[in-house]
Amino acid sequence: MRTVEAAAKVGRLADGGGLYLNVSKDGCKTWVFLYRSPVHRTQRKAKAVGRQREMGLGPVAVVTLAKARERAQALRRVLAEGRDPLDEVNAGAPAPEPVPTFGEMAQQVIGSLEAGWRNEKHRAQWRSTLATHAASLSGKPVDAIETADVLDVLAPIWTEKAETASRVRGRIEKILDA
């Protein structure tokens, strides 16, 4: 697969063996594993085929290509043993990875976006607006941030600095989407 950062085409790009890079309309990139669930003996009919399933492996900002390939290989082993990976995850088999904080995720997202930015000023603006206005979010896990938290960040600047508030809102949204 060409470099993950260069992938801009909206849709799914195959890496092989069921591993895909999913690029959304807003540019968010995530890894997904597509497979057919195993058909159990009790379900077999003349032409029985398992249903297609999709398992998210994480955003590109957090999960590298090498890590996504490792996870896909492990999932292929589970399938080869006749088990359904999603059923095992839902049953609680593997422990979930720790959720990154907003600050950690911001650094990862900025790092992944920097390659597409042309000047240093843009990089500095992203970092400075988040450090100045969204500092209260930096220590919170991204899955614990609610609308009220984002509104608390934006309310003080919305009337006086509407353009800045709009940019901060967009940057927070980009980070939370990742």
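The structure we're discussing is the one just above.
About the cut-offs
- Residues numbered from 1 in each chain as written.
- Predicted model: local features only at pLDDT ≥ 70, side-chain atom pairs only at ≥ 80, totals over all residues.
- Heavy atoms only, no water.
- Axes fitted to C-alpha atoms, helices over the stretch in contact; angles between N-to-C directions.
- Helix = DSSP H or I, 4+ residues; strand = E, 2+ residues; numbered from the N terminus.
- Parallel < 35°, antiparallel > 145°, perpendicular 65-115°, else oblique.
- Contact = heavy atoms within 4.5 Å.
- Phe/Tyr/Trp six-rings, centres within 6.5 Å; stacked < 30°, edge-to-face > 60°.
- Buried < 20%, exposed > 50% of the residue type's maximum accessible area, 1.4 Å probe, protein only.
- Nonpolar A, V, L, I, M, F, W, Y, C, P; charged D, E, K, R; others polar.
- Pairing = 2+ DSSP bridges.

Relative to each other, helix α3 (residues 102-113) and helix α6 (residues 162-177) sit at 95 degrees, their axes nearing to 9 Å. Between α3 and α6, the crossing angle belongs to the class labelled roughly perpendicular. For the pair α3 and α6, the contacting residues are Phe102, Met105, Ala106, Val109 and Leu113 in the first and Ile172, Lys174, Ile175 and Leu176 in the second.

A ring pair, where both rings are aromatic, is described by two values, the distance of the centres and the angle of the planes. The final tally for this structure, using the stated rule, is two aromatic pairs. Between the aromatic rings of tryptophan 117 and tryptophan 126, the centroid separation amounts to 5.3 Å while the plane-to-plane angle is 35 degrees, which identifies the pairing as tilted. The burial state of tryptophan 117 is the same as that of tryptophan 126; both residues are buried.

The next subject is the packing of helix α4 (residues 120-133) against α6. At a closest axis distance of 10 Å, the pairing of α4 and α6 adopts a crossing angle of 90 degrees. By the angle between their directions, the pair α4 and α6 is classed as roughly perpendicular. Along its contact with α4, which presents His122, Gln125, Trp126, Thr129, Leu130 and His133, the element α6 presents Thr164, Val168, Arg171, Ile172, Lys174 and Ile175. Of the residues that constitute the contact of α4 with α6, the class distribution is five nonpolar, five polar and two charged.

Looking now at the environment of valine 168. Mapped onto the elements of the fold, valine 168 is located in helix α6. Valine 168 sits in the buried class, given a relative accessible area of 0%. Taking the C-alpha atoms as reference, valine 168 lies 9.7 Å from valine 150; in sequence the two are 18 residues apart. If we ignore the near neighbours within four places in the chain, the residues touching valine 168 are Thr129, His133, Val153, Leu154 and Ile157.

A separate point is the side chain of histidine 133. Structurally, the position occupied by histidine 133 is in helix α4. Setting aside its immediate chain neighbours within four residues, histidine 133 contacts Val153, Ile157, Thr164 and Val168.

Taken together, the four strands give an open sheet; going across it, the order is β1-β2-β3-β4, and neighbouring strands pair in antiparallel fashion. A single partner strand is all that each edge strand has here, and the edge strands are β1 (11-16) and β4 (52-59). This sheet shows a mean twist of 30 degrees between the axes of neighbouring strands, independent of strand direction. Pairing analysis gives five bridges linking β1 to strand β2 (residues 19-23), with the strands arranged antiparallel. Looking at β2, one finds that leucine 13 is bridged to leucine 21. Helix-sheet contacts for helix α1 (residues 65-80) involve β1, β2, β3 (29-36) and β4, and the interaxial angle to β3 is about 15 degrees.

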